[in-house]
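Read off the chains here:
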Amino acid sequence: MTAADQPQSHWLQAFLEAQAAELDAADNTLAAYGRDLVDFSDWLAARDRHLATAQRADVEDYLIACEAGGLAPATRARRLSAIKQLYRFAFDEGWRDDNPAIRIAGPGRGKRLPKTLSIEEVDALLDAARTNAKDRTRNTCLMELLYATGMRVSELVALPVSAARGDPRMLLVRGKGDKERMVPLSPPARAALADWLAERDAAEDKAAAQRKPRSPFLFPSRGKSGHLTRQSFHGLIKTWAAQAGIPPEKVSPHTLRHAFATHLLAGGADLRAIQTLLGHADVGTTEIYTHVLEDRLRDLVLEHHPLSQETAKDA
């Protein structure tokens, strides 16, 4: 059977399995690759094309169709990246003797400044989490840990309870690519963690008495994953934003990660240290926060510098 005789689904399944086994790609990354490549293969099939025989013009026409469909440049760039990697895999496997996407340039991606929050807005969110009667101790711990460490939400909700034992000053976090890093805990975060551990352990003891298995997670849940999901936490933080008088569309778990980095940088932290705390592989990813800080410093000068004030008066 030639490569062209194999169903396109076989190509995608083999590629994704290789990504999972060889590169230890995260589940979210694999899911994104899968969605993008299914869309591309369906587009080809609708035009009687196959992954085995598609040419550069087909890939370019697909990207044009994506743009016409209103997809953002970042989404189109991600889809092209997935297609390139699929064909690189196909070349290595001997399914194709070329990579039709290799010379296609992706759409330009301007640096988009991350949304962030002021210290006052973060305080208001923390207050909303503390005053919410339902699951108050857990919610306070979630918010304190997120803002104190800058963790990704996927890292936060999946924290093993073993990492939190012994009143730690530092947490061991397993991030993207299964890489580990240490993040320090602030005194309020440590206090919130101790309170939640006491409440969580009491609930676990009660469940164990009923012969239910103990959870290995810091934030257990009865769902399939066994821990609080990213989606659930996303909904919680939107609720707290509304209670705090902050537009919910302005707030997400990732916004707290941006606030963590921006506030550290504004306080004089070294960019390399922030890179380490965030778990960025490349400092270039971290450098975007300098642009946020530059905007704030410019506004500060324009608002408070005496020459700027005189210029405003003259105008």
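This text follows the structure it describes.
Keep in mind it's a predicted model, so treat the numbers as computed, not measured.

Colleague: When you look at the pattern of salt bridges in this model, what are you seeing that I'm missing?
Modeller: Pairing between side chains becomes possible if they bear opposite charge and their charged atoms approach one another. Inspection of every chain in the model, using the stated rule, returns 19 salt bridges. Among the salt bridges present, the one from D36 reaches R78, with a minimum N-O distance of 2.7 Å. With D36 in helix α2 (residues 27-45) and R78 in helix α4 (residues 73-92), this residue pair connects regions lying 42 residues apart in the sequence. Judged by relative accessible area, which is 3%, D36 ranks as buried. Linking R79 and D39 is a salt bridge whose minimum nitrogen-to-oxygen distance equals 2.9 Å.

Colleague: Would you mind going over the nonpolar core with me for this structure?
Modeller: For soluble globular proteins, the rule of thumb is that nonpolar side chains tend to be buried together. By size, the foremost hydrophobic cluster in this structure holds 40 residues, and its most contacted members are L145, L218 and F233. Elements that contribute at least two residues to this core include exactly α5 (119-131), α6 (136-149), α7 (153-157), β1 (170-174), α8 (187-209), α9 (230-243) and α10 (253-266).

Colleague: Quick question: what am I supposed to make of the packing of aromatic side chains here?
Modeller: How two aromatic rings sit relative to each other is set out by the distance from centre to centre and by the angle between their planes. Applying the stated criterion across every chain yields a total of eight aromatic pairs. On the numbers, 5.6 Å between centres and 65° between planes, the contact of W43 with Y62 is edge-to-face. Taken together, the positions of W43 in helix α2 and Y62 in helix α3 (residues 56-68) put the pair 19 residues apart, joining distant regions of the chain. Accessibility classification places W43 together with Y62 in one group, the buried group.

Colleague: Explain α10 to me, please; I cannot follow it from the model alone.
Modeller: Because an α-helix packs 3.6 residues into every turn, residues spaced three or four apart end up facing the same way. A rise of 1.5 Å per residue sets the reference length of α10, with its 14 residues, at 20 Å; its end C-alpha atoms lie 20 Å apart and thus fit the reference within 8%. The buried count for α10 comes to 11 of 14 residues, which makes it a mostly enclosed element. The positive-phi residue at the C-terminal boundary of α10 is G268, with phi of around 105°.

Colleague: Sorry if this is basic, but what is going on with unusual backbone geometry here?
Modeller: For residues other than glycine, phi is negative in most cases, and the peptide bonds are mostly trans. We note that D48 has phi near 55°; this positive angle belongs to a residue other than glycine. Turning to its location among the elements, D48 is positioned in the loop between α2 and α3. Overall, the relative accessible area of 75% leaves D48 in the exposed class. Backbone geometry at D135 places phi at a positive 55°, although glycine is not the residue there.

Colleague: How do you make sense of the layout of surface pockets when you look at a structure like this?
Modeller: Over the atoms, a rolling probe the size of a water molecule traces out where space has been left empty. One number sums up the size of the second largest pocket: a volume of about 690 Å³. Lining the second largest pocket are 19 residues, and of these A203, E204, P220, S221 and R222 lie nearest its centre. Classifying every residue of the lining of the second largest pocket gives six nonpolar, four polar and nine charged.

Colleague: In this structure, what is going on with the packing of α10 against helix α11 (residues 271-278)? I would like to understand it.
Modeller: The packing of two helices is summarised by the inter-axis angle and the distance between the axes. One way to put it is that α10 packs onto α11 with a least axis distance of 10 Å and a crossing angle of 160°. The orientation of α10 relative to α11 falls into the category roughly antiparallel. In this structure, the crossing between α10 and α11 has a hand that is right-handed. In this structure, α10 contributes R257, F260, A261, L264 and L265 to the contact, and α11 contributes L271, I274, L277 and L278. Along the lines of polarity and charge, the residues of the contact of α10 with α11 split into eight nonpolar, no polar and one charged.

Rules used throughout
Residues numbered from 1 in each chain as written. Predicted model: local features only at pLDDT ≥ 70, side-chain atom pairs only at ≥ 80, totals over all residues. Heavy atoms only, no water. Salt bridge = Lys/Arg side-chain N within 4 Å of Asp/Glu carboxyl O. Helix = DSSP H or I, 4+ residues; strand = E, 2+ residues; numbered from the N terminus. Buried < 20%, exposed > 50% of the residue type's maximum accessible area, 1.4 Å probe, protein only. Core = buried A, V, L, I, M, F, W, Y, C linked by side-chain atoms within 4.5 Å. Phe/Tyr/Trp six-rings, centres within 6.5 Å; stacked < 30°, edge-to-face > 60°. Expected span 1.5 Å × (residues − 1). 1 Å grid on protein atoms, 1.4 Å probe; cavity = no way out; pocket = protein on both sides within 12 Å on 5 of 7 lines; lining within 4 Å. Points joined across faces, edges and corners; volume = space filled by probe spheres on them. Nonpolar A, V, L, I, M, F, W, Y, C, P; charged D, E, K, R; others polar. Axes fitted to C-alpha atoms, helices over the stretch in contact; angles between N-to-C directions. Parallel < 35°, antiparallel > 145°, perpendicular 65-115°, else oblique. Left-handed = near helix turned anticlockwise from the far one by under 90°. Contact = heavy atoms within 4.5 Å.

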